[in-house]
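Spelled out from the first residue to the last, the chains are:
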Amino acid sequence: VLVGDSHSSAVVTAVAEAAGTRNASVLHYSFDACPIVEGITHLNKRFASCPRFITDALRHIAGQPVRVPLIVVNRWSAYVEGRQAHELEPGQRFIQFSPGESEPVFLDRFATGLAQTLCPIAQSGRRVIVVKPIPEMPFSVPNRMARTAMMTKRSSDVALPWAEYQRRHTRT
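Computed from a predicted structure; not experimentally measured.

Calculation criteria
Residues numbered from 1 in each chain as written. Predicted model: local features only at pLDDT ≥ 70, side-chain atom pairs only at ≥ 80, totals over all residues. Heavy atoms only, no water. Helix = DSSP H or I, 4+ residues; strand = E, 2+ residues; numbered from the N terminus. Buried < 20%, exposed > 50% of the residue type's maximum accessible area, 1.4 Å probe, protein only. Contact = heavy atoms within 4.5 Å. Areas by Shrake-Rupley, 256 points an atom, 1.4 Å probe, with all protein chains shown as cover. Disulfide = S-S within 2.5 Å. Phe/Tyr/Trp six-rings, centres within 6.5 Å; stacked < 30°, edge-to-face > 60°.

Draft legend 1. Main features of the overall build of the protein. Across its full length, the protein holds 6 helices and 6 strands. A principal-axis box enclosing the C-alpha atoms of the protein has dimensions of 50 × 50 × 30 Å. Across the 172 residues in the protein, those meeting the buried criterion constitute 34%. Long-range pairs, those at least 24 residues apart, make up 68% of the contacts in the protein between residues at least 6 apart in sequence. Accessible area for the protein stands at about 10,400 Å²; split by element, carbon and sulfur atoms hold 55% of it.

Draft legend 2. Spatial organisation of the state of the cysteines. Scanning the entire structure with this criterion turns up 1 disulfide. Here Cys-34 is linked by a disulfide to Cys-50, with a sulfur-sulfur distance of 2.0 Å. The disulfide joining Cys-34 to Cys-50 has a torsion of about 85° about its S-S bond and is therefore right-handed. On the criterion of sequence distance, the pair formed by Cys-34 in the loop between β2 (28-30) and β3 (41-42) and Cys-50 in helix α2 (residues 50-62) is long-range, its members being 16 residues apart. For the residue pair Cys-34 and Cys-50, the accessibility class agrees, reading buried in each case. Cysteine Cys-119 is unpaired, with the sulfur of Cys-34 as its nearest cysteine sulfur at 19 Å. Take Cys-119: its relative accessible area is 38%, and that puts it in the partly exposed class.

Draft legend 3. Geometry of the packing of aromatic side chains. On inspection of all chains with the given rule, the structure shows 7 aromatic pairs. Taking 5.4 Å as the distance between ring centres and 75° as the angle between the ring planes, the aromatic pair formed by Tyr-79 and Phe-94 counts as edge-to-face. In this pair, Tyr-79 sits in helix α3 (residues 76-81) while Phe-94 sits in the loop between α3 and β5 (95-96), placing the two residues 15 residues apart along the sequence. You can call Tyr-79 buried: its relative accessible area is 1%. Between Phe-106 and Phe-110 the ring centres are 6.0 Å apart and the planes differ by 35°, which places this aromatic pair in the tilted class. Here the residue Phe-106 and the residue Phe-110 both occupy positions in helix α4 (residues 103-123), the gap between them amounting to 4 residues, near one helical turn. Residue Phe-106 is classed as buried on the basis of its relative accessible area of 1%. Through successive ring pairs, a cluster of aromatic residues spans Trp-76, Phe-97, Phe-106 and Phe-110.

Worth remembering: the numbers are spatial, not functional.
Right under this line is the structure:
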């Protein structure tokens with residue numbers, strides 16, 4: 001079972017390919033901009049149903065055989081640190097637990113909420129795999145690779161300096 005936000009959608013085909021080598025398949029629950037942390041409120045009304053998605057996804061996951069692992073992929077740093085400099089409203093968080101909470105209170109509630117969401121699943125005997133942050137690029141990777149291939153007639157890798165990755169994801 002794979003659950004998460006749009007970052008889980010970015011890796012679902014790779015997870016499915018890996019599962020296929022074991023004659024298994026993937027059940028995927030995804031909601032953009034919605035971390036699998038119970039108790040959050042989304043600040044964007046377009047994502048107001050995020051808490052209900054979390055509840056429904058967790059209920060469906062609980063109905064799966066316990067031998068089936070759970071893989072959790074979210075854009076962790078966006079929830080903890082806020083948007084990046086190249087995005088609209090840089091530094092702005094898009095979730096909260098209560099209006100006007102301070103950063104230390106938010107961070108504590110995020111960590112506690114994540115533990116309270118995932119630990120009971122692990123305690124049920126299910127293997128829970130939380131994937132570390134996927135590098136966030138300040139551009140569309142597929143578009144950049146396609147343009148490079150068209151202009152140079154060869155493919156190229158897209159990379160983020162390790163120090164930049166560490167800076168962005170220190171607290172996650």
